[in-house]
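A closer look at the structure
What follows is each chain in one-letter form.
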Amino acid sequence: MIIGIPKEIKNNENRVGMTPSGVHELVRHGHTVYVQHTAGEGSGFADSDYEKAGATILPTIEETYAKAEMIIKVKEPIEPEYALVRKGQLLFTYFHFACDRALTEAMVASGATCIAYETVVGPQGGLPLLVPMSEVAGRMSVQQGAHFLEKPHGGRGVLLGGVPGVKPAKVLVVGAGVVGRNAALMAAGLGADVTITDISLPILRHVAETMPANIRTLYSSRHNIESELPTTDLVIGSVLIPGAKAPKLITRDMLKLLRKGSVMVDVAIDQGGCFETSHPTTHSDPVYEVDGIVHYAVANIPGAVPYTSTLALTNATLPYALRLADMGWREACAADKGLAEGVNIVDGKITYKAVAEAWDMPYHELCKA
């Protein structure tokens, strides 16, 4: 198969779809790999690293798309890329269709096959291609939250871990999935007083049994969240419904319960956000205030640490990329029902129900697409 790895053009997105090591494996399997010039530079990988791995470097994004049967990316195509995607082409990347109608309509119109990292299901369940970036985003959310709690950056001027004689900051983590658990672990490691909420009692039991003593669990309900907000300094939103829009668990009217200068980090912003007052921001302009509360809602948080993120992502995606390239997507998905869950759009038809429902568009079963 002919595989293309374009340079990411989303704001401050320095990750790349595949490391030179991953490219080497694809080439070793007999596939041709084209990498756009400087695609890996932001992650610390030079063109020469890819050439040594067996790739051919192409000067432009247009040429990379034009030659490739399969495109491997990190983030969803943005508007300048829409016209480059063609009928019958396979795109393997994060899409988050349920929060972007324009992207959904563009990919439907393109006639391409879109396999979304975020809805691929692993052999034991879970979302194996979302996990590595969720781990990074969860940990980064606390770093960023601590930064913006500082007074020069708009926050209350609170040190997350406190000092002897001064209580630590209180952190509320909404959602105990991969993002939430990593956020809680990071905040606890910095010495914060952490509360993590979820609607799953088995998950809360697991957290209580395995996490540090300064992490407390709380059943997630509006009443319980509202009870926590008056004494909370940092809120991490980490709720996920695979492939669908995130529920709005903190509403505009609940902001009045927080103290001015408190910080809210919405890691669920890729799926529309779990705070009513959230809208996507970028690494170059990451925060804004609503009612005196600092909001951080960068849609590609792991892009701030691209070396770590690219290595972690390739570790997860490479086995699937090899299967898709070796077998073709139809045969690979027939052999792996979890991979088939990743197929969101085929030849103009939406094959993932949550995406179709998000935009009130027709849904087609994959076997009939």
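Everything below is about the structure shown above.
Residues numbered from 1 in each chain as written. Predicted model: local features only at pLDDT ≥ 70, side-chain atom pairs only at ≥ 80, totals over all residues. Heavy atoms only, no water.

**A look at the overall build of the protein**
What the protein contains, in helices and strands, is 13 helices and 15 strands. Taking all 369 residues of the protein together, the buried fraction comes to 55%. Here the contacts in the protein between residues at least 6 apart in sequence split such that 63% fall between residues at least 24 apart. Both charge centroids of the protein, one from 32 positive and one from 39 negative side chains, sit 5 Å from each other. (Helix = DSSP H or I, 4+ residues; strand = E, 2+ residues; numbered from the N terminus. Buried < 20%, exposed > 50% of the residue type's maximum accessible area, 1.4 Å probe, protein only. Contact = heavy atoms within 4.5 Å. Lys, Arg positive; Asp, Glu negative; His and termini not counted. Charge placed at Lys NZ, Arg CZ, Asp CG, Glu CD.)

**What about the layout of surface pockets?**
A probe as big as a water molecule, rolled over the atoms, marks out the empty space that is left. Quantified by volume, the largest pocket comes out at close to 850 Å³. If you go around the largest pocket, you meet 41 residues; those closest to its centre are Val179, Ser238, Val239, Leu240 and Ile241. The set of elements that each furnish at least two residues to the lining of the largest pocket consists of helix H6 (131–148), helix H7 (178–189) and strand S8 (193–198). Among the residues forming the lining of the largest pocket, the class breakdown is 25 nonpolar, eleven polar and five charged. Size it by volume and the second largest pocket reaches roughly 330 Å³. Forming the walls of the second largest pocket are 23 residues, and the residues nearest its centre are Lys10, Glu76, Asp100, Pro280 and Ala299. For the lining of the second largest pocket, the residue count by class is nine nonpolar, eight polar and six charged. (1 Å grid on protein atoms, 1.4 Å probe; cavity = no way out; pocket = protein on both sides within 12 Å on 5 of 7 lines; lining within 4 Å. Points joined across faces, edges and corners; volume = space filled by probe spheres on them. Nonpolar A, V, L, I, M, F, W, Y, C, P; charged D, E, K, R; others polar.)

**Concerning the sheet that holds strand S5 (residues 90–93)**
Read across the open sheet, the eight strands follow the order S3-S2-S1-S4-S5-S6-S14-S15; overall the sheet is mixed. Among the strands making up the open sheet, the edge pair consists of strand S3 (56–58) and strand S15 (349–350). With respect to the sheet, helix H5 (residues 101–110) is in contact with S5, strand S6 (113–116), strand S14 (343–346) and S15, its orientation differing from that of S14 by roughly 50 degrees. (Pairing = 2+ DSSP bridges. Axes fitted to C-alpha atoms, helices over the stretch in contact; angles between N-to-C directions.)

**Re the packing of H6 against helix H10 (residues 306–327)**
Remark: H6 packs on H10, axes separated minimally by 8 Å, with the N-to-C direction vectors making an angle of 155 degrees. With respect to their mutual orientation, H6 and H10 come out roughly antiparallel. On H10, the residues touching Pro132, Met133 and Val136 of H6 are Ser309, Ala312, Leu313 and Ala316. Taken together, the residues that form the contact of H6 with H10 break down as six nonpolar, one polar and no charged. (Parallel < 35°, antiparallel > 145°, perpendicular 65-115°, else oblique.)

**Section: the sheet that holds strand S7 (residues 170–174)**
Strand order in this open sheet of seven strands is S9-S8-S7-S10-S11-S13-S12, and the pairing throughout is mixed. The open sheet has two free edges, formed respectively by strand S9 (215–219) and strand S12 (287–290), since each of these has just one partner strand. The average undirected angle you get between the axes of adjacent strands in this sheet is 20 degrees.

**Re the side chain of threonine 310**
Looking at the secondary structure, you find threonine 310 in helix H10. Judged by relative accessible area, threonine 310 falls into the buried class, the value being 1%. If we skip the residues at most four places from it in the chain, threonine 310 touches Arg15, Val16, Thr19, Ser43 and Phe45.

**Notes on helix H1 (residues 20–28)**
Within the sequence span of H1, burial applies to Pro20, Gly22, Val23 and Leu26. Buried residues of H1, seen end-on, are gathered within an arc of 155 degrees and therefore sit on one face of the element. Among the exposed residues of H1, those oriented more than 90 degrees off its buried face are Ser21 and Arg28. Taken from the residues just after H1, glycine 30 is the one with a positive phi, measuring 95 degrees. (Arc of directions from axis to C-beta.)

**Concerning the packing of aromatic side chains**
For the structure on display, the rule yields five aromatic pairs. Here the aromatic rings of phenylalanine 45 and tyrosine 307 are separated by 5.9 Å at their centres, their planes lie at 35 degrees, and the arrangement is tilted. With a gap of 262 residues between them, phenylalanine 45 in the loop between strand S2 (32–36) and helix H2 (47–52) and tyrosine 307 in helix H10 connect regions that are remote in the sequence. Aromatic rings pair up to connect Phe92, Tyr94 and Tyr117 into one cluster. (Phe/Tyr/Trp six-rings, centres within 6.5 Å; stacked < 30°, edge-to-face > 60°.)

**Quick look at unusual backbone geometry**
Unusually for a residue other than glycine, histidine 96 sits at a positive phi of about 55 degrees. For histidine 96, the location among the structural elements is in the loop between S5 and H5. For aspartate 291, which is not glycine, the phi torsion reads 55 degrees and is therefore positive. With relative accessibility at 37%, the residue aspartate 291 sits in the partly exposed group.

**With respect to the environment of leucine 249**
Examined against the element boundaries, leucine 249 turns out to sit in the loop between strand S10 (234–237) and strand S11 (263–266). For the pair leucine 249 and cysteine 367, spaced 118 residues apart in sequence, the C-alpha separation works out to 36 Å. Discounting chain neighbours no more than four positions away, the residues touching leucine 249 are Val174, Ile225, Val239, Met254 and Cys274.

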